[in-house]
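Results of the structural survey
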Amino acid sequence: MDKPRALNPDPRMIAMIVAMACLAATGCRRGPRNYLNENDQLRRDNMELRQQIQELEQAVALRVAEVERLQQQPGRTPVAVEGAKVPHVTAVRFDRYSGAIDTDGNGTDDIVRLYVRTLDEQGRFIPAAGRAVVQAVLIKPGGITELLNEKTYDPQAFDTAYRSGLTGTHYTLELALPSPLPPDADQATVKLTFTDAATGASLTHEMPVSIHR
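First, a word on what this report is: a plain description of the structure on this page.

**Remarks on the overall build of the chain**
Within the chain one finds three helices and nine strands. Along its sequence from the N terminus, the chain presents helices and strands in the succession α-α-β-β-β-β-β-α-β-β-β-β. Expressed as a percentage of the 213 residues in the chain, the buried residues total 25%. Sequence-distant contacts, at least 24 apart, represent 59% of the contacts inside the chain between residues at least 6 apart.

Below is the structure:
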């Protein structure tokens, strides 16, 4: 009975199989891969995930602290403390990096993103509850105004807009810009009107925003 002969694979055949496996692993992409851009994207994704995790952890910790506080004070009524001044919202401001941005990469700004800080009488950030209205207005020659868009954040939506993380503590509000933009819409005035649920006070703030095409 003859012994089976040892297989001697052709090196060219092995090279061809390896090349086909590499093509399949990379999704049959052609041309060199841009590892620099991919690494940048991964770093951005990781940073966003870390910020989201941090925000969720802080939100859970605050909820737990609130539940514990309520459990420790069953049926008790608030007692006034002499000399203590309860802080409340006296001003609203836009934090840095607020402005119009291009979210779809077509070269034209499509939303206005505002980082809103609610401040007490000492200029310190203080969490707030209430309703916010954001407006973007185009001011034309002669003082004529044209409303580009308006959006109302009810108390629940405003509360959901709270952010605290690597970019600081603020409320992130967004307003879509019209598409297409008016031909003379190179700059708009953005106005925020916030009505505080605790005091009923109506606070406003506005700033000019450059719009890029």
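**Comments concerning the packing of aromatic side chains**
Tallying each qualifying case throughout the model produces five aromatic pairs. Judged by centre distance (4.2 Å) and plane angle (20 degrees), the rings of Phe 158 and Tyr 171 are stacked. Placement of the pair is Phe 158 in helix 3 (residues 155-160) and Tyr 171 in strand 7 (residues 168-176), with a sequence separation of 13 residues. By relative accessible area, Phe 158 is classed as buried at 1%. Given the relative accessible area of 1%, Tyr 171 is considered buried.

**So, the sheet that holds strand 9 (residues 202-210)**
The strand order across the open sheet formed by four strands is 5-4-8-9, and the pairing between neighbours is antiparallel. What marks the edges here is a single partner per strand, and that holds for strand 5 (145-153) and strand 9. Between one strand axis and the next, the sheet turns by 20 degrees as a mean value, whatever way the strands run. Note: strand 4 (residues 130-139) against strand 5, eight bridges, orientation antiparallel. By the bridge assignment for strand 5, Leu 138 is matched with Glu 146.

**Regarding the nonpolar core**
Generally speaking, soluble globular proteins have nonpolar side chains that are buried together. Counting residues in hydrophobic clusters, the biggest one holds 31 residues, and the most contacted among them are Leu 114, Val 134, Leu 173, Leu 192 and Phe 194. For this core, the secondary structure elements donating two or more residues are strand 1 (91-94), strand 3 (111-119), strand 4, strand 5, strand 7, strand 8 (187-196) and strand 9.

**Quick word on the pattern of salt bridges**
Under the defined criterion, the tally for this structure stands at four salt bridges. Arg 113 is the partner of Glu 174 in a salt bridge, and the nearest nitrogen-oxygen pair spans 2.6 Å. With Glu 174 in strand 7 and Arg 113 in strand 3, the pair connects residues that are 61 residues apart, well separated along the chain. Since its relative accessible area comes to 25%, Arg 113 is described here as partly exposed. The partner of Arg 213 in a salt bridge is Asp 186, with the nearest N and O atoms 3.5 Å apart.

What counts and what doesn't
- Residues numbered from 1 in each chain as written.
- Predicted model: local features only at pLDDT ≥ 70, side-chain atom pairs only at ≥ 80, totals over all residues.
- Heavy atoms only, no water.
- Helix = DSSP H or I, 4+ residues; strand = E, 2+ residues; numbered from the N terminus.
- Buried < 20%, exposed > 50% of the residue type's maximum accessible area, 1.4 Å probe, protein only.
- Contact = heavy atoms within 4.5 Å.
- Phe/Tyr/Trp six-rings, centres within 6.5 Å; stacked < 30°, edge-to-face > 60°.
- Pairing = 2+ DSSP bridges.
- Axes fitted to C-alpha atoms, helices over the stretch in contact; angles between N-to-C directions.
- Core = buried A, V, L, I, M, F, W, Y, C linked by side-chain atoms within 4.5 Å.
- Salt bridge = Lys/Arg side-chain N within 4 Å of Asp/Glu carboxyl O.

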